Amino acid sequence: PAYTFLLRCHPQMPIARALRLVSVDLTRQPNIVLSDHGRIEDDFTRASILLYQGTSSAIYAVAHGLLPIYLHREGAVDRDPLYGLPVWRRRCTSPDEFVALLEQHEAAVRSELQAEWERARRYMADYIGPVTDDHLDAFLDAVGLTRHSSLITRHSRCTA
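Residues numbered from 1 in each chain as written. Predicted model: local features only at pLDDT ≥ 70, side-chain atom pairs only at ≥ 80, totals over all residues. Heavy atoms only, no water.

A. Structural view of the overall build of the protein chain. Within the protein chain one finds six helices and seven strands. Helices (α) and strands (β) of the protein chain occur, in sequence order from the N terminus, as β-α-β-α-β-α-β-β-α-α-α-β-β. A compact globule built from 160 residues should have a C-alpha radius of gyration of about 15 Å, whereas the protein chain, at 20 Å, is more than 25% larger. In terms of principal-axis extent, the alpha carbons of the protein chain reach across some 65 × 40 × 35 Å. Taken over 160 residues, the protein chain has a buried fraction of 25%. Counted over contacts in the protein chain with a minimum sequence separation of 6, partners at least 24 positions apart contribute 40%. A total of about 11,200 Å² of accessible surface is found on the protein chain, and carbon and sulfur atoms cover 55% of it. (Helix = DSSP H or I, 4+ residues; strand = E, 2+ residues; numbered from the N terminus. Rg over C-alpha atoms; globule rule 2.2 N^0.38 Å. Buried < 20%, exposed > 50% of the residue type's maximum accessible area, 1.4 Å probe, protein only. Contact = heavy atoms within 4.5 Å. Areas by Shrake-Rupley, 256 points an atom, 1.4 Å probe, with all protein chains shown as cover.)

B. The layout of surface pockets, seen in detail. If you add up the space inside the largest pocket, you get close to 1,500 Å³. If you list the elements that add at least two residues to the lining of the largest pocket, you get β1 (5–7), α1 (15–20), β2 (32–34), α2 (40–46), β3 (49–52) and α4 (95–107). Residue classes in the lining of the largest pocket are distributed as 25 nonpolar, 12 polar and three charged. (1 Å grid on protein atoms, 1.4 Å probe; cavity = no way out; pocket = protein on both sides within 12 Å on 5 of 7 lines; lining within 4 Å. Points joined across faces, edges and corners; volume = space filled by probe spheres on them. Nonpolar A, V, L, I, M, F, W, Y, C, P; charged D, E, K, R; others polar.)

C. Geometry of the environment of G38. Positionally, G38 belongs in the loop between β2 and α2. Residue G38 is classed as partly exposed on the basis of its relative accessible area of 33%.

D. Spotlight on the pattern of salt bridges. Under the criterion given, the structure shown has 11 salt bridges. The salt bridge partner of R39 is D42, with a shortest N-O separation of 3.7 Å. What makes R39 exposed here is its relative accessible area of 51%. Accessibility expressed as a relative area gives 38% for D42, which makes it partly exposed. Salt bridges sharing partners connect three or more residues here, namely D78, D80, R89 and R91. (Salt bridge = Lys/Arg side-chain N within 4 Å of Asp/Glu carboxyl O.)

Structure representation (structure tokens):
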């Protein structure tokens with residue numbers, strides 16, 4: 001009850017349809033806010049933590065400063081797009097674990113959180129950053145191609 005939850009569905013799943021799938025009337029809960037499917041960035045500014053499962057929006061949530069907590073269901077395929085993020089992200093498998101993570105986050109020293117988020121921000125900036133000539137050249141080299149003027153030519157070592 002001390003937390004406000006902002007619920008946002010995938011664009012292909014209207015919130016009204018999703019609400020019919022749960023046994024509790026979430027619209028009557030005082031700490032539940034339903035997103036109106038406006039800009040996701042607007043929801044990011046209203047939130048501090050993202051509980052997610054298999055959504056690429058988690059990448060952009062981190063860039064906006066949200067702590068991502070991945071909900072992993074036992075026996076389910078792990079679809080965490082942030083699997084390679086070595087810091088900042090958390091994982092839980094139950095409501096009790098989620099509450100414990102919220103409490104740990106609140107109790108954490110702000111400077112430690114800031115340093116951890118800064119590392120995550122740099123990781124995400126590299127992940128979603130613009131394509132540069134250096135990135136393109138590294139990619140082409142990795143697949144056995146080189147860029148020559150405006151033409152792309154094959155390396156002699158490329159046999160495919």
